Amino acid sequence: MSRWVTVANRLPFTLSPDGEQITTSTGGLVSALSGVHAAAEKIWIGCAPDHLTPENWKSVQAKIPGDSSWSYRPIFVDKALYDSYYNRTGNDVLWPLLHYQPELVSFDKSSWEDYKTVNEKFAEAIAQEAQDDDLIWIHDFHLFMVPKFLRKLRPKLKIGFFLHVPFPTSEVFRQLPVREQILDSLLECDLVGFHDYSYLQHFGSSLLRLLGVEPQFTSVTRDGRTTRFGVFPVSIDTEKFMRRARDPKIHALAQNIKEQGFLFLGVDRLDYIKGLDLKLKAFRTFLKKYPHVREQVSLLQIAVPTRGDVPVYCQLARDIAQLIGEINGEFSTPNWTPVRYIHASVSFDDLMALYRSADALLVTSKRDGMNLVALEYLASQTVEKPGVVLLSEFAGAASALSHTLPINPWDLEDSARKMLQALEMTREEKVFRLRMMQDFLREYTATDWAAAFIAELAKEMPAENLKGPARIEPNQDAVDLLCDRVLASKPERIALLLDYDGTLTPIRSRPEEAVMSQEERDAILELSRYPWIDLVIVSGRDSKFMASQFFGINAHLAAEHGAKVFSPGLRKWRRRVLRTRSTWYPAAEKIMSDYAARVPHSRVEKKQYSIAWHYRLAPQEFADFQARKLVEELEVGLSNLPVNVLRGKKVVELRAMEADKGVFARTFLEDASPNTFALALGDDSTDEDMFRAIKGRGISFKIGAGSSAADIAIHSQSLVIDFLRSLGRALDQRMQRFEPEMHVETRPTHSARFETASLD
């Protein structure tokens, strides 16, 4: 069984100054991984805790309490280097940027170099420890660069990365000076996990806009490597909180805390992302707007100190204390203080007692990767005295918890209304909401989260994702081998599916110049005369252009990626698009025309069921940047409409959903003779759908460099015509010798079902 190698910033234990007392962490990651029942050996790699040295490591290692299935590998980092890596880059740059606070970013090039140095130390430690079949799970933003360094050292390792904080919109992330380096590193992973689909979408948008890499929804392939994405919202040890909440000791502590009236509870680190200022302002609005609640409600805020030596945090502490003073000064009476404030850590038992005693939890995070406090509070409630959660819609937990009261922390009046709703909510409604969310927490625990990620990381990738297409020189030896492979399936017919631009003809600066030469036309004409071949030209070109190019050639034509088709014998174009284009075409035309106006030498090509923006002649760097923006705008703006956005070679195209080479190829083969063997040739991203569609029924050829789902790569378009001519002649000779009855004098008309489905 593969070993599990967990890689996090720190090892999960602390050491007393004398090195004698070891305290293991009970944090979520430790309990999550420990709860996964498997025989796998578990290894934790992280920076050594304070007071641990290479000299005392052996003696300490022998005394670490806890699960014996764990072993630990410390990384020793100089204190000054660690401070630069962890604080000056991790906390002063990445933390604020990932939480939408770019104005607080303080980027320093030398600190970034220190960050990379420590990440490289991690990669070296993993490379020394790991075996080839180990599963490597790297955690969080402090280790963004580890995948890049590790992949160079150990190319075959399975590497997973989980981001425990939000991934911001590309408009925010692009402000980071080292943005491309981080994205490049994450693409060295086999799996990248997020708490929420919005974070995944922002990550994909950044890949497109900053690297020009176009992701699919759950994966992206670049340079032959496929990186999968997944959404794995973290959870808690639900049973632990439920069990502890029923403990008589906790019950007694809760009784001592409880006062008359309705108690709102806040439990947060004192960090600017937690929105404590907005929470207090909303509570003040609540008291002002609904004066009848005064002396009936109170807010108890726990603010756990963090980074007390950093000026922005010191100022935040002063601002919060001042705001609390103002509220209490304005509303307090001799018998009532509206806000009680504890600026300190609390014990686990005291925290549980607070959860049990509070009538509502108030979470007003400005941004939060998840916010496990909301989950802990819910798990600690009982149906005898159910609590309510008011939860910021900017916390990841808002996507996991179905029956909270969602709030926009910046909308103070609405937050005040939600507080009143919580105050006045009936017990029956509270119980209903609580049961729904507790049922979810019982079924989805921290252990389930960890197990789901590990299971996904352990999955074998499809063979075509592990390797790129096999490159061939299209000489006679290659032709002979291909003939053997084709004839091994004993085909009745061969469907030859050919792209046009970049495959049959070279890519031209101006698309209208890409007409077939006489040599190219003669070769296609020769192929069309073999009675055992169904020649199919599948192109993004419009029907008028294709009709002019292939006039007199016996071929099936699929224009606009298969939106319109023409078959021999019927002599009439048929459309396969069933829905009107009026819902999307005018908007797309306007957007693309705007881009054509701003990008010199670019232009819009209008077709019947698609519209394309060409920028082959435009200034390259500027046009590439604009192309990435255009793709994003089209995907977001037209996301609910029946269209697909494609980025090809110096073109961005929007097409009707049915205009898809893969869909067309599948339909064509479904209606062909049962034992039809497919050969497909294409050169760009639009042809990848066709390559995938013929898997198991033929051989696909990628023309040019780059990653592809194709079986075989031919490195230059200039070789295609001679290759097709040689392959056609060789197959014709062999098929006649192999089984003469295949060679018929007249070509059967292609299936009527295909044509009927395509009627106007």
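> Before we move on, could you go through the pairing of strand β24 (residues 610–614) and cite the residues and values that matter?
With 5 of its 5 residues buried, β24 lies for the most part within the structure. Where burial is concerned, the two faces of β24 agree: the one with Ser610, Ala612 and His614 and the one with Ile611 and Trp613 are both buried. Where strand β23 (residues 603–606) lies against β24, 4 bridges are found, and the strand directions are antiparallel. From the neighbouring strand, Lys606 faces β24, where its bridge partner is Ile611.

> Give me the pattern of salt bridges: which residues, what numbers.
Pairs can form between side chains of opposite charge whenever their charged atoms are close. Throughout the structure, instances matching the rule amount to 50 salt bridges. Residue Glu456 pairs with Arg228 through a salt bridge whose shortest N-O separation is 3.0 Å. Within this pair, whereas Glu456 is found in helix α17 (residues 446–458), its partner Arg228 is found in strand β10 (residues 225–231), the two being separated by 228 residues in sequence. Given the relative accessible area of 11%, Arg228 is considered buried. Taking the shortest distance from any N to any O, the salt bridge between Arg243 and Glu239 comes out at 3.9 Å. Here Arg243 pairs with Glu239, and both are found in helix α9 (residues 238–245), just 4 residues apart, close to one helical turn. Residues participating in the shared-partner salt-bridge network are Arg151, Glu188, Asp190 and Arg225.

> So what's going on with the packing of aromatic side chains? Which residues, and what values?
Enumeration according to the criterion identifies 39 aromatic pairs in this entry. Three or more aromatic residues link up through ring pairs in this structure, and these residues are Tyr82, Tyr85, Tyr86, Trp112 and Tyr115. Above the ring of Phe348, the side-chain terminus of Lys240 is found at 5.0 Å from the ring centroid.

> Could you give an account of the packing of helix α14 (residues 372–379) against helix α16 (residues 427–443), naming the residues involved and the relevant values?
Packing of α14 against α16 brings their axes to within 10 Å, and their N-to-C directions diverge by 110 degrees. With respect to each other, α14 and α16 are oriented roughly perpendicular. The segment α14 lies against α16, with Leu375, Leu378 and Ala379 engaging Leu434, Met437, Gln438 and Leu441. When the residues that make up the contact of α14 with α16 are grouped by side-chain class, the tally is 6 nonpolar, 1 polar and no charged.

> Requested: an account of the pairing of strand β20 (residues 556–559), with residues and values cited.
Along β20, one buried face is formed by His556 and Ala558 and the opposite face, lined by Leu557 and Ala559, is buried too. Alignment of strand β19 (residues 533–538) against β20, held across 3 bridges, turns out to be parallel. Bridged to Val536 within β20 is His556. One crossover worth recording links β19 to the parallel β20 by way of helix α21 (residues 543–549), and it is right-handed. Across 3 bridges, the pairing between β20 and strand β21 (residues 564–566) is antiparallel. Bridge pairing in β21 links Leu557 to Phe566.

> Give a description of the side chain of Asn56 that names residues and reports values.
Here Asn56 lies in the loop between β4 (42–47) and α2 (57–61). Here Thr53 takes part through its backbone nitrogen, which lies 2.8 Å from a polar atom of the side chain of Asn56. Not counting residues within four places of it along the chain, the set of residues in contact with Asn56 comprises Leu15 and His51.

Here is what the cut-offs are and how they apply
Residues numbered from 1 in each chain as written. Predicted model: local features only at pLDDT ≥ 70, side-chain atom pairs only at ≥ 80, totals over all residues. Heavy atoms only, no water. Buried < 20%, exposed > 50% of the residue type's maximum accessible area, 1.4 Å probe, protein only. Helix = DSSP H or I, 4+ residues; strand = E, 2+ residues; numbered from the N terminus. Pairing = 2+ DSSP bridges. Salt bridge = Lys/Arg side-chain N within 4 Å of Asp/Glu carboxyl O. Phe/Tyr/Trp six-rings, centres within 6.5 Å; stacked < 30°, edge-to-face > 60°. Lys NZ or Arg CZ within 6 Å of the ring centre and 35° of its normal. Axes fitted to C-alpha atoms, helices over the stretch in contact; angles between N-to-C directions. Parallel < 35°, antiparallel > 145°, perpendicular 65-115°, else oblique. Contact = heavy atoms within 4.5 Å. Nonpolar A, V, L, I, M, F, W, Y, C, P; charged D, E, K, R; others polar. Right-handed = clockwise from strand over helix to strand, strands pointing away. Polar contact = N/O pair within 3.5 Å; in protein donor to acceptor, adjacent residues only side chain to side chain.

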